[in-house]
Amino acid sequence: MLAVMTAPRWLALGAGLVGCLLAVQEAPGAQGGASVRGRVTIGIPVTTRRPANTYSRGAQRIALAPVSELHNVIVYLKDAPAGGISPARAEIRQVNETFVPRAVAVTVGSEVSFPNGDPFFHNVFSLSRARTFDLGRYPSGQTRTVRFDRAGLVRVFCQIHSHMSASVMVFDHPWFAVPDENGMFDLKNVPSGARRLAAWHERLGETSVSVRVEPGRPAIVDFVLPVPQQ
Amino acid sequence: MISPVRRHTRLVIALAWITFHGLQHDAVAAQDSRPSRVAVDSSAAVDTTVNEGGEAVSGLTVDALVSIDLGRNVQIVTRPFLQRLAASGEWNAQLWLAALRYERTGDVAVRVDAGYIPSPVGMANLQLRPHTNPTIALPASLFSSLPLVDVGGPRTTLLGAMYPLGISATVSSLTWDVRASVMDTSPARTRRVFSDGSPPNPPRFAQFVLGGGVTPFVGIRVGASVTRGGWERAGESPSARAPRTAIFATVEADVSRGHTRVQAEWTRDSFAVNTGHVVARGAFLQGQQTLSPRWFVAGRVERLVSPAILAAPDVLNVVRRTQHLQGFEETLGYRLTPELTLRASHRMRRLFGRDDYDHVGAVSVVWWRRWI
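Residues numbered from 1 in each chain as written. Chains lettered and ligands numbered in written order. Predicted model: local features only at pLDDT ≥ 70, side-chain atom pairs only at ≥ 80, totals over all residues.

Caption draft 1: Broad picture of the overall build of chain A. Broken down by element type, chain A carries 1 helix and 20 strands. Burial statistics for chain A: of 230 residues in total, 40% are counted as buried. Pairs at least 24 apart in sequence give 62% of the contacts found in chain A among residues at least 6 apart. (Helix = DSSP H or I, 4+ residues; strand = E, 2+ residues; numbered from the N terminus. Buried ≥ 20, exposed ≤ 12 C-beta atoms within 10 Å, placed from the backbone. Contact = placed C-beta atoms within 7 Å.)

Caption draft 2: Representation of the overall build of chain B within the structure. Helix and strand counts for chain B come out as 2 helices and 17 strands. Taking 372 residues into account, the globule formula puts the C-alpha radius of gyration at 21 Å, and chain B, at 22 Å, falls close to it. Projected onto its principal axes, the C-alpha coordinates of chain B cover approximately 80 × 50 × 45 Å. Contacts in chain B between residues at least 24 apart in sequence constitute 54% of all its contacts with a sequence separation of at least 6. (Rg over C-alpha atoms; globule rule 2.2 N^0.38 Å.)

Caption draft 3: Summary view of the interface of chain A and chain B. With 39 residues of chain A at the contact, the number on the chain B side is 45 residues. Listed by contribution, the elements that provide at least two residues to the side of chain A that touches chain B are strand 2 (46-48), strand 3 (67-68), strand 10 (122-128) and strand 11 (131-138) of chain A. Among the elements that take part in the side of chain A that touches chain B, strand 11 of chain A stands out by supplying 5 residues, more than any other. Classifying every residue of the side of chain A that touches chain B by side-chain character gives 21 nonpolar, 11 polar and 7 charged. Inspection of the sheet shows strand 2 of chain A paired to strand 1 (residues 32-35) of chain B by 3 bridges, in the parallel sense. Along strand 1 of chain B, the bridge assignment pairs Val46(A) with Ser33(B). (Nonpolar A, V, L, I, M, F, W, Y, C, P; charged D, E, K, R; others polar. Pairing = 2+ DSSP bridges.)

Caption draft 4: Region of the structure containing the pairing of strand 13 (residues 152-158) of chain A. Residue and element names in this part refer to chain A. Across 2 bridges, strand 10 lies against strand 13 in antiparallel orientation. The residue bridging Phe125 from the neighbouring strand is Phe157, located in strand 13. Here strand 13 runs beside strand 14 (residues 165-171); their pairing, made up of 6 bridges, is antiparallel. From the neighbouring strand, Val154 faces strand 14, where its bridge partner is Val168. Hairpin geometry of strand 13 and strand 14 is characterised by an intervening segment of 6 residues between the two adjacent antiparallel strands.

Caption draft 5: Seen up close, the sheet that holds strand 2 of chain A. Here 3 strands make up an open sheet; going across it, the order is 2(A)-1(B)-3(A) and the pairing mixed. Edge positions in the sheet fall to strand 2 and strand 3 of chain A, since each has one partner strand and no second. Relative to strand 1 of chain B, strand 3 of chain A is paired through 2 bridges, and the arrangement is antiparallel. Looking at strand 1 of chain B, one finds that Val67(A) is bridged to Ser33(B).

Caption draft 6: Highlighting the sheet that holds strand 5 (residues 89-91) of chain A. Residues and elements named next belong to chain A. An order of 5-9-12 is seen for the 3 strands of this open sheet, with the pairing classed as mixed. What marks the edges here is a single partner per strand, and that holds for strand 5 and strand 12 (143-148). Each strand axis lies, on average, 25 degrees off the axis of its neighbour in the sheet, ignoring direction. Examined bridge by bridge, strand 9 (residues 110-115) and strand 12 share 6 bridges and lie antiparallel to one another. Along strand 12, the bridge assignment pairs Phe114 with Arg144. (Axes fitted to C-alpha atoms, helices over the stretch in contact; angles between N-to-C directions.)

Caption draft 7: Spotlight on the pairing of strand 11 of chain A. All names here are of chain A. Judged from the 6 bridges that link them, strand 10 and strand 11 form a sheet pairing that is antiparallel. Bridging from a neighbouring strand, Ser128 pairs with Arg131 of strand 11. Linking strand 10 to strand 11, which pair antiparallel, is a turn of 2 residues.

Caption draft 8: Structural context of the confidence of the model for chain B. All names here are of chain B. When pLDDT is averaged along chain B, the result is 89, and 92% of the positions lie at 70 or above. For chain B, the element scoring lowest by mean pLDDT is helix 1 (residues 4-23), at 52; strand 16 (residues 340-350) scores highest, at 97. Here residues 19-29 is a poorly scored stretch, pLDDT under 50, and it has 15 contacts once near neighbours within four places are set aside; other chains count. Scoring of the predicted complex yields 0.84 for pTM and 0.84 for ipTM. (pLDDT = per-residue confidence, 0-100.)

Caption draft 9: Up close: unusual backbone geometry. The linkage connecting Val100(A) with the following residue, Pro101(A), adopts the cis geometry, with an omega of -10 degrees. One can find Pro101(A) in the loop between strand 7 (98-100) and strand 8 (103-107). The residue Arg72(B) is not glycine, and still its phi comes out positive at about 55 degrees. Relative to the assigned elements, Arg72(B) resides in the loop between strand 3 (56-71) and strand 4 (74-84). If you check the backbone angles, Asn73(B) has positive phi at about 65 degrees while not being a glycine. With respect to the helices and strands, the residue Asn73(B) is situated in the loop between strand 3 and strand 4. Residue Asn73(B) is classed as partly exposed on the basis of its C-beta count, with 16 C-beta atoms lying within 10 Å.

Caption draft 10: Highlighting the nonpolar core. If you look at the biggest cluster of nonpolar residues, it comprises 46 residues, and the most contacted ones within it are Val40(A), Val73(A), Val75(A), Val168(A) and Phe176(A). Contacts of Val75(A), omitting those with residues within four sequence positions, involve Val40(A), Phe176(A), Ala177(A), Pro179(A), Phe185(A), Leu197(A) and Ala199(A). Ala99(B), Val121(B), Val193(B) and Val273(B) belong to the second largest nonpolar core, which has 43 residues in total. (Core = buried A, V, L, I, M, F, W, Y, C linked by C-beta atoms within 7 Å.)

Caption draft 11: Representation of the environment of Arg144(A) within the structure. Considering the arrangement of structural elements, one finds Arg144(A) in strand 12. When near neighbours in sequence (up to four residues on either side) are disregarded, Arg144(A) contacts Phe114(A), Leu135(A) and Tyr138(A).

Caption draft 12: Fine view of the environment of Val112(A). All names here are of chain A. Within the element layout of this structure, Val112 appears in strand 9. What makes Val112 buried here is the crowd of 22 C-beta atoms within 10 Å. A C-alpha to C-alpha distance of 25 Å links Val112 and Arg50, two positions 62 residues apart in sequence. Contacts of Val112, omitting those with residues within four sequence positions, involve Ala90, Glu91, Ile92, Val104, Val106, Val146, Phe148 and Val168.

Caption draft 13: Up close: the confidence of the model for chain A. Residues at a pLDDT of 70 or more form 84% of chain A, whose mean pLDDT is 83. Contacts from residues 1-30 of chain A, a stretch scored under 50 in pLDDT, to residues over four places away or in other chains number 14 contacts.

This is the structure we're talking about:
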């Protein structure tokens, strides 16, 4: 029977086997996992840095506006097994002397682009251990892209505007999320067992809670940053 | 008569009160962030310089820049400063900036500073903080004394690093900026806010400054300024029977793109003396190139030209001869973290009236942090 199989059939069989292996690897917690949902609330007023351009010949053109901080929170599973990821693309724009969003979560191998939306230069750089780069000065409308190949926290700054900062959190597993405008998040297929779930904010730091994930039963975890709600 | 120390203490208490009240932030919706009322950054730099004879001297500079938003586009800006002079080992505590600022943002933005303000003259004065200076040494035009301009008169610099008492108004857009200022200090003669009389502060002279610049493309700015005001008071030199004026003209350029930044400044001082006018001029060109996220190189070439008095048999018969100061500095820098930079440089300067260059090596650690 094998002898009569044509080359395309071999290829299809091989591809199928590889696909099955990848599927198992892509969702290490798929068997016996459950979703972990919840809501993030910020419990204290958060301020952002404002320009202090004392040593400048021009007056300040931009007035910073209030920003929703819930988009700058990242919820993730701590000590999760690596694997099950695919690269993605994300974007951090430079608009009105602000990185938007200020926090981005991606998987290892992903690329983040940094378009300049301001009519003047920025100089995006990072000296973080997980990724070191300096994009130089480039004008409005242009973009530069950085690939992140190591898991960890990458703090991003602008050399020209000291009040600008952003964070790229790079994961080697798929269990992370950025809450929506209401603070809601949903991590799917979290491996069952005793787990630690963390919510991180650039200024408020990390808050983590323990959660018991049981197969097929969604777990609900609410965060109030910076104090954990037990 | 209030002593400088008591005046200093009162000023510190007043600033502390303002800072405390500035920190009382309005209740905001917690899910939204708002720009902070207070902005604070600080820097510290330790420099060690070794000359050709192997003698090493170290200097220390610590400062903080504090800006407090009082609302209605009004801020208080201040910069306390502490320095240990490398040459003498003396400590120098100053308040280099203490100004009330009105700033209206927009396509045509307006700024008015009143109090002890950053010098509105030239460009080099904007790079006095260690983390904004690409090399270790500052341009000679700011600190190196010119040869005596007037027989028996005061020493001058080409363009003193100074924080005068004054008022400055700036209007700017993306493509142009103009400013007009009135201040109490001649750019040729630096004043200190806190002075114990050694050396004594120069007299106050009204100075009128007009300046501006154009930005034809993002990354290129060309600017100029003209300053007119007194530089020598009657009786400061044997021939000065009336106050004398000086005119300072500067032209500056700042070009940056990618990982490269080049800046240049040209200055011309015209001092009125009893025999007419004495003209001193100078220029520097400096650049910085980022080699990698952590490594950079920087350098500066500078040249000052000034007449020096050779002989003065009488006040109307003064023999002058042109002298030059020439300097070069090459710097290699390494950014350890976003807040910490290590630099090493070689500097050679041929001072006024000298034939040979002095060579020095220097290392520097610069720390800078934005707190709020």
